[in-house]
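Tertiary structure, described
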Amino acid sequence: EKIAAVSSRNHGDARKAVEILSKSANIAEREGTIITMDLVDKAMEDIERDKYVAMIKNSPKQLQATLFSIISSSLKSNRPLYTGEAYGTYRAFCAKIKMRALSQRAFSDLISELDMYGFLQARVLSKGRYGRTKQIIVNLPRTISDKLKQVVLMEFDLNPVSSQFLFKELAV
């Protein structure tokens, strides 16, 4: 009943309902239990995470590096992130992986693209005569953002476990 309710409320697509039911059944089989409300919630979270992972795997390297630097920066502080801070982290990451960094203008365009895809929220703030900046907030659950960081590191042929130093060094 929950799967039908969630599917009709969110998208009205029977294929999505079948996907949620299938994922719930796989998890229940692995755990040796019956399908419960908690397993349905877990299945929906897994499907959501897989959607973001597939999207970022098929993205250009510059977009992946942008997302990685923004997620890394936002996890260090519990306040909104601004374009200048995120760009500094992005440039440091590009230097570590020996990739040419884009200009700040192109980086800002990539932030807008990530906003459009739903990875983050970016709001333009006017600072008067001091110009404009984007306030960046990552609204993804911690499990999804951690998985995205791992995927990006693997896409750059970096081992996520041995790259823990990278997270510390990118503190800008």
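Residues numbered from 1 in each chain as written. Predicted model: local features only at pLDDT ≥ 70, side-chain atom pairs only at ≥ 80, totals over all residues. Heavy atoms only, no water.

Description of the packing of aromatic side chains
To describe a pair of aromatic rings, you give the distance between the ring centres and the angle between the ring planes. For the record, the criterion: Only Phe, Tyr and Trp rings take part, Trp by its six-membered ring, and two of them pair if their centres are within 6.5 Å. Stacked means planes under 30 degrees apart, edge-to-face means over 60, and tilted covers everything else. Working definition: helices are DSSP H or I runs of at least four residues, strands are E runs of at least two. Numbering for both runs from the N terminus. Exposed residues in this analysis have more than 50% of their type's maximum accessible area, buried residues have under 20%, and partly exposed residues fall in between, with area computed by a 1.4 Å probe over protein chains only.
Taken as a whole and judged by the stated rule, the model has six aromatic pairs. Between Y90 and F107 the ring centres are 4.9 Å apart and the planes differ by 35 degrees, which places this aromatic pair in the tilted class. Here Y90 is found in helix α5 (residues 83–97), whereas its partner F107 is found in helix α6 (residues 104–117), with 17 residues between them in sequence. Owing to a relative accessible area of 0%, F107 belongs among the buried residues under this scheme.

Considerations on helix α7 (residues 142–155)
What counts, and what does not: Each residue after the first adds 1.5 Å to the expected span of a helix.
Here α7 contains 14 residues, and its C-alpha end-to-end distance of 20 Å stays within 8% of the 20 Å for a straight helix at 1.5 Å per residue. Of all the positions in α7, only I144, S145, L148, K149, V151, V152 and L153 are classed as buried. Phi turns positive one or two residues past the end of α7, at D157, with a value near 60 degrees.

Structural notes on the pairing of strand β2 (residues 121–126)
The criterion, for reference: At least two bridges found by DSSP between two strands are what make those strands a pair.
Note: β2 against strand β3 (residues 132–137), six bridges, orientation antiparallel. What sits directly across from L125, in β3, is T133. The turn linking β2 back onto β3 is made up of five residues, and G128 within it adopts a positive phi angle of 70 degrees.

Details of the environment of L114
Using the following cut-off: Contact criterion: two residues are considered in contact whenever any of their non-hydrogen atoms come within 4.5 Å of each other.
When you line up the elements, L114 lands in helix α6. When sequence neighbours within four positions are dropped, the list of residues in contact with L114 reads L63, T66, L67, I70, F119 and L120.

Things to note about the nonpolar core
In plain terms, the rule: Among buried residues, those of type Ala, Val, Leu, Ile, Met, Phe, Trp, Tyr and Cys that are joined through side-chain atoms within 4.5 Å constitute a nonpolar core.
Ranked by internal contacts, the top residues of the largest apolar core, which has 33 residues, are I70, F119 and L148. Elements represented by at least two residues in this core include exactly α3 (37–57), α4 (61–76), α5, α6 and α7. Filtering out sequence-adjacent residues up to four positions away, I70 remains in contact with L81, A86, F107, I111, L114, L120, I136 and V138. Of all hydrophobic cores here, the second largest spans five residues; its members include I3, A17, I20 and V40.

Comments concerning the sheet that holds β2
Stated precisely, the cut-off is as follows: Note on geometry: axes are C-alpha line fits, over the in-contact stretch for helices, and angles between N-to-C directions span 0 to 180 degrees.
The sheet built from three strands is open, its strands ordered β1-β3-β2 with antiparallel pairing. Edge strands, defined here as strands with exactly one partner in the open sheet, are β1 (81–82) and β2. Those strands touched by α6 are β2 and β3, and its axis lies near 40 degrees from that of β3.

Examining the environment of A65
Relative to the assigned elements, A65 resides in helix α4. Between the alpha carbons of A65 and I97 there is a distance of 9.6 Å; along the sequence they are 32 residues apart. Residues in contact with A65, not counting those within four places in the same chain, are Y90, F93, M99 and F156.

Quick look at the confidence of the model for the protein chain
How we decide: A score from 0 to 100, pLDDT tells how confident the predictor is in each residue.
Averaged over every residue, the pLDDT of the protein chain is 87; the share at 70 or more is 92%. At the level of individual helices and strands, the protein chain shows its lowest average pLDDT in helix α8 (residues 164–169), which scores 54, and its highest in α6, which scores 94.

Quick look at the environment of G131
Position of G131 among the secondary structure elements: in the loop between β2 and β3. Separated by 73 residues in the primary sequence, G131 and N58 have C-alpha atoms spaced 34 Å apart. Look past the residues within four positions of G131 in its chain and what remains in contact with it is L125 and S126.

Some words on the packing of α5 against α6
This is how the line gets drawn: Each angle gets one of four labels, with under 35 degrees taken as roughly parallel, over 145 as roughly antiparallel, 65 to 115 as roughly perpendicular, and the rest as oblique. Under the scheme applied, nonpolar residues are Ala, Val, Leu, Ile, Met, Phe, Trp, Tyr, Cys and Pro; charged residues are Asp, Glu, Lys and Arg; polar residues are all the others, including Gly.
Packing of α5 against α6 brings their axes to within 11 Å, and their N-to-C directions diverge by 105 degrees. Comparing the axis directions of α5 and α6 gives the class roughly perpendicular. Residues T83, G84, A86, Y87 and Y90 of α5 touch α6, and the partners they reach there are Q104, F107 and I111. Broken down by class, the residue content of the contact of α5 with α6 amounts to five nonpolar, three polar and no charged.

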